[in-house]
Amino acid sequence: ESVVHWFKRDLRMFDNRGLSQASEKAKEAGVPLICMFVVSPQDYQAHLTSKARVDFDLRTLEVLRADLGELDIPLYTTTIDKRKDVPSHILQKFQEWGAKHVFCNIEYEVDELRRETKLIDTCLQQGVDFSPVHDDVVVAPGSISSGTGKQYSVYSPFFKSWVKHVHEHPHLLVESPAPSANPEAARKKFKALFDCEIPSAPANKSLSAEDRERLASFWPAGEHEARDRLDRFLAEKIKSYQAVRNLPAANSTSLLSPHLSAGSLAARTAVRLAQQANSSKRLDGGSAGITTWISEVAWRDFYKHVMAHWPYICMGKAFKYEYSNIEWEYDDEAFRRWTEGTTGFPIVDAAMRQVKTMAWMHNRCRMIVACFLAKDLMLDWRMGEKYFMENLIDGDFASNNGGWGFSASTGVDPQPYFRIFNPLLQSEKFDESGEYIRKWVPELKGIEGKAIHDPYGRGAQKQAEKAGYPKPMLDHKKCRERALERYKVGLGRS
Ligand code: FAD
């Protein structure tokens, strides 16, 4: 007999609700704990998972496997080509290992919820108790609602209610105990499982050796790295977070998003430790830096609640259905220039090139490039949403969809449609000295002063031309007018 924990997007031993409960159950029953992880290439395809993200997850698994091994807990890993075969394969494994109890942490995307619902039924028929557990978010979807009992679709009241709920349920931030060691005999009994190697990435999700090396040095994987990064951020940066978080050159944010997405850090751990660093016991009191950062982590919860409540957003539908009639452009060349970072708008190009190198982009820049795509280029925001998922190391459906909905004004708590970022003003405000632009658009390195934000409009034309930097691909003022008109017509307000 055994108890099983099925890892998905919770790739850590520390403070893991499902794993902790599985370990307790195994101890209680006096049977070994077995862990498993399934690589599903079709899931990667369906979720548009980036190569960088697949690589990060697999590197995280290596760390996890070693840590579990120290406790004589095996991590069974395998690749199942066809998505539909995953449930039957894991059921077969449960039988083979004599599993009576199986735990996993819930993923709130619609396909995953459906799969788990079916698994609960099938397991029941086989006498296996299958328990999906809330872990991915601090406050589980469904536990807070507005005064009229509705799901929040605006962030500020959501956050207020979120804070109140956590204060009233302090156990939500309590750390889950790490798993206990298996009896030594488990190693002999499950020798084949201990010998399991972490699978390689499927061919179409495999990074080149050069990219792999670069990304591994930007983004070391595993929960120890996540904890170190969090500790450093809390010690060195969080206090000034509120003041400088919007400046992409300041390196002032936590850079924890890949870990929160892969689950090598729990949102709960992040909030608990941030709170402990605060002088106030309240999540919304004390240091402005700390409370602002906690409220950013709560945005992640917000978007997961939205997804769980309105699953149609997982199916390519705008949250605001009245925005479905906007006329978008489908201009491949314009889209290509956006992805390549050759729009002629330095702040946009810097941001898009940051993604190409780091598989990550600063939040302010995500908003700038998303607004540029949807409102200046009038390209369908779903093209940008897809490109982000396919290229970000922290790609997360709910946060990404939420961010695109915000920027294109089609989502929950969106920017009003008539708020259209002027890329030049954004650039001057958030990258005043041009340090970020010079870093990511090296051909503009030699351009001094304010001309960095708009070399062709501010007297640095010759230098820009010589360096091969393109002219702006559009006239922002005209495009702004076009966007206002298209949104008005789409909404039937013209
Ligand atoms: P910090 O500023 O240190 O914040 C801490 C954590 O809070 C983040 O790691 C993240 O988990 C969460 N967080 C912060 N801001 C947001 C936000 N606006 N929405 C949701 N969670 C937030 N975030 C992703 O994790 N995955 C995505 O695929 C993603 N796509 C986005 C697309 C667009 C168009 C926009 C505007 C935002 C997107 N975000 C996404 C949110 C945000 O940009 C990143 O979480 C943030 O830049 C990550 O950097 P950090 O870890 O240094 O953040």
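Look up a bit, the structure's there.
Quick look at the structure, then.

Rules behind the numbers
Residues numbered from 1 in each chain as written. Predicted model: local features only at pLDDT ≥ 70, side-chain atom pairs only at ≥ 80, totals over all residues. Heavy atoms only, no water. Axes fitted to C-alpha atoms, helices over the stretch in contact; angles between N-to-C directions. Helix = DSSP H or I, 4+ residues; strand = E, 2+ residues; numbered from the N terminus. Parallel < 35°, antiparallel > 145°, perpendicular 65-115°, else oblique. Contact = heavy atoms within 4.5 Å. Nonpolar A, V, L, I, M, F, W, Y, C, P; charged D, E, K, R; others polar. Salt bridge = Lys/Arg side-chain N within 4 Å of Asp/Glu carboxyl O. Core = buried A, V, L, I, M, F, W, Y, C linked by side-chain atoms within 4.5 Å. Buried < 20%, exposed > 50% of the residue type's maximum accessible area, 1.4 Å probe, protein only. 1 Å grid on protein atoms, 1.4 Å probe; cavity = no way out; pocket = protein on both sides within 12 Å on 5 of 7 lines; lining within 4 Å. Points joined across faces, edges and corners; volume = space filled by probe spheres on them. Domains from an automatic or database assignment.

Where helix α9 (residues 209-218) contacts helix α16 (residues 346-358), the axes come no closer than 9 Å and their chain directions differ by 105 degrees. Relative to α16, α9 is oriented roughly perpendicular. Of α16, the residues touching α9 (which contributes R214, L215 and F218) are K356, T357 and M358. When its residues are assigned to classes, the contact of α9 with α16 shows 3 nonpolar, 1 polar and 2 charged.

Our focus in this paragraph is the pattern of salt bridges. Within the structure shown, the criterion is met by 41 salt bridges. Taking the shortest distance from any N to any O, the salt bridge between R458 and E428 comes out at 2.4 Å. Of this pair, R458 sits in the loop between α21 (435-440) and α22 (461-466) while E428 sits in helix α20 (residues 423-430), placing them 30 residues apart in sequence.

Among the nonpolar cores identified, the biggest contains 113 residues, and W162, W293, W338, V348, M361 and Y487 are the most heavily contacted of them. Residue contacts for W338: discarding those within four places in its chain leaves T343, V348, M352, V369, F372, L373, L377, G384, Y387, F388 and W404. Core analysis: the second largest hydrophobic core is formed by 24 residues, V86, V102, V128 and F194 among them.

Glancing now at the layout of surface pockets. Here the largest pocket is characterised by a volume of approximately 1,200 Å³. Taken together, 41 residues form the lining of the largest pocket, with E296, W299, N363, R366 and S399 sitting closest to its centre. Of all elements in the fold, only α12 (257-262), α14 (288-309), α17 (363-376), α19 (397-408) and α20 reach the threshold of two or more residues within the lining of the largest pocket. Residues of the lining of the largest pocket, tallied by class, amount to 18 nonpolar, 14 polar and 9 charged. Shared between two domains, the lining of the largest pocket takes at least three residues from each, and those domains are domain 2 (137-173 + 222-309) and domain 3 (321-490). What the second largest pocket holds in volume is close to 790 Å³. Along the wall of the second largest pocket there are 36 residues; nearest its centre are R9, D43, H47, T49 and E112. Where the lining of the second largest pocket is concerned, the elements lending two or more residues are β2 (33-39), α2 (41-47), α3 (51-70), α5 (110-125), α18 (381-391) and α19. Grouping the constituent residues of the lining of the second largest pocket by class yields 14 nonpolar, 7 polar and 15 charged. Both domains that meet at the lining of the second largest pocket, namely domain 1 (1-135) and domain 3 (321-490), each give it at least three residues.

A few words on the environment of S427. Mapping S427 onto the fold places it in helix α20. The exposure class assigned to S427 is buried, which follows from its relative accessible area of 1%. The spatial distance from the C-alpha of S427 to the C-alpha of H453 is 6.3 Å, given a sequence separation of 26 residues. For S427, the residues in contact, after removing those within four places along its chain, are I347, E432, I437 and H453.

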